[in-house]
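# Survey of secondary and tertiary structure
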Amino acid sequence: MKNLIKITLSIWLSISFFSCQKEEETKEEIIRPVRYKQVFYSGGEAFQTFAGVSKAGTESDLSFRVNGVLTSIRVVEGDVVKKGQLIATIDDSDAKIAFQQVVAQTQSARVQLETAKANLDRTKKLYEANNVSLSEYEQAKNAFSSSKASFETSQQTEDLKRRELGYYKLYVPMNGIIAEKIASKNENIKAGNAVVKFASGNDLEIKVGIPEKYISKISNGDKVSVSFTSVKGKKFTGRVTKMSYVSDVSSTFPVTVLLDTKSNLVRPGMSANVTFQVQKKSTEPFMMVPVEAVNEDVQGEKFVFVVKKNDDKTGTVHMTKIKIGELRNNGFIVLSGLKEGDSVVTSGVTKITDGLKVKFLPKYQQK
């Protein structure tokens, strides 16, 4: 009996303890963490950033002038090459045979010319001594003229074949770098088909496609800011040097930007982000709010959560309706609803409601 009382008492105490603990947990306040950002008026400069790719100031495809099988390619991508350096060859065995045949023909034509010249000299002396007729002398002159023409034609053909032998070797036209190796050994190459892509010159350009909406706001000579995805924490300056007045297949207008300074960190083929100023300074300042801070209610009205600080670590959010204007690179223009210095929630907005107490993530606090 005593044991039963003890067991009953233990169960009752346990139930009481857990009930109290549950009440304490229920009473514990849930404070959502958020990030926020203060909004201020700015001077009205509008910027847009577009993606592009860097390329050398002088870039070209090197190719052969004749068809053939590639017998050697002596460079790889990234090789620094000098003017006159041999970089590739194609099979020239047939061309050599054709050249030797023409050389033989030229030699034969030379012999015929020498024979015709000797015959003309002999006939001329006989004619002057009245030992041959005028017709024989004219025949000798005609034979000499014909042999001379044949020899000259054969010489020109030989010179042409000799030059063509040079077409089977590909040389570097100037100092530069091999940007890309396109063909491979034993490949059948057609005249004009690129073997390598060659880049030269120290100047570096960025090719950017500008949408129709902004192309009229950009001019030659405009200053731009350039960053490269592979070069962290460094920005470069440049200027617009070329603008196309015809859109390309992507329905954008090609624009060329030349970097102001040279850097060993930047090479042709790198992805770049180029920032253009597409609107000049406005006399009327405007306020920007981050895109991620703007919400929409069921009536389609836009609102943000404005934070009123309780202390350095917590605050209370208030749903505030706003009117927004144009979307720009840094967010929406605020037409009404906010005042300068307001703090708007930029993260955690889907988990908060009007009047909720929130806590600030320390590293995102604004000073």
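Everything here concerns the structure above.
Attention in this report is confined to the structure presented alongside it. (Residues numbered from 1 in each chain as written. Predicted model: local features only at pLDDT ≥ 70, side-chain atom pairs only at ≥ 80, totals over all residues. Heavy atoms only, no water.)

## Things to note about the overall build of the protein chain
Along its length, the protein chain carries four helices and 22 strands. Looking at the protein chain residue by residue over its 367 residues, the buried ones come to 34%. Taking the intrachain contacts of the protein chain between residues at least 6 apart in sequence as the baseline, contacts between residues at least 24 apart amount to 72%. Of the roughly 23300 Å² that the protein chain leaves accessible, carbon and sulfur atoms contribute 51%. (Helix = DSSP H or I, 4+ residues; strand = E, 2+ residues; numbered from the N terminus. Buried < 20%, exposed > 50% of the residue type's maximum accessible area, 1.4 Å probe, protein only. Contact = heavy atoms within 4.5 Å. Areas by Shrake-Rupley, 256 points an atom, 1.4 Å probe, with all protein chains shown as cover.)

## As for the nonpolar core
The biggest cluster of nonpolar side chains holds 26 residues, and the ones touching the most others in it are Ile 210, Val 226, Phe 228, Val 257 and Phe 276. Of all elements in the fold, only strand 3 (46–63), strand 10 (194–210), helix 4 (212–215), strand 11 (223–228), strand 12 (231–243), strand 13 (253–259) and strand 14 (271–279) reach the threshold of two or more residues within this core. One finds Phe 64, Val 66, Tyr 168 and Leu 170 within the second-largest nonpolar core, a separate group that totals 23 residues. (Core = buried A, V, L, I, M, F, W, Y, C linked by side-chain atoms within 4.5 Å.)

## Structural notes on the pairing of strand 11
Note: strand 11 against strand 12, six bridges, orientation antiparallel. Looking at strand 12, one finds that Val 224 is bridged to Gly 238. Counting the residues between successive antiparallel strands, the hairpin from strand 11 to strand 12 contains two residues. Sheet topology note: the strand 11/strand 14 ladder contains four bridges and is antiparallel. Opposite Phe 228, over in strand 14, you have Ala 272 as the bridge partner. (Pairing = 2+ DSSP bridges.)

## Overview of the pairing of strand 1 (residues 32–38)
Side-chain direction in a regular strand flips from residue to residue, so the side chains alternate between the two faces of the sheet. Examined bridge by bridge, strand 1 and strand 22 (residues 357–360) share three bridges and lie parallel to one another. Residue pairing for strand 22: Val 34 is matched across the bridge by Phe 360. For strand 1 and strand 21 (residues 343–347), the ladder comprises four bridges, and the chain directions are antiparallel. Bridge assignment links Tyr 36 to a residue of strand 21, and that residue is Val 345.

## Examining the packing of helix 2 (residues 93–128) against helix 3 (residues 134–166)
The interhelical angle for the contact between helix 2 and helix 3, taken along N-to-C directions, is 160°, at an axis separation of 8 Å. In terms of their interaxial angle, helix 2 and helix 3 are classed as roughly antiparallel. Helix-helix and strand crossings are classified by hand; for helix 2 and helix 3 the assignment is left-handed. By residue class, the composition of the contact of helix 2 with helix 3 is 16 nonpolar, ten polar and ten charged. (Axes fitted to C-alpha atoms, helices over the stretch in contact; angles between N-to-C directions. Parallel < 35°, antiparallel > 145°, perpendicular 65-115°, else oblique. Left-handed = near helix turned anticlockwise from the far one by under 90°. Nonpolar A, V, L, I, M, F, W, Y, C, P; charged D, E, K, R; others polar.)

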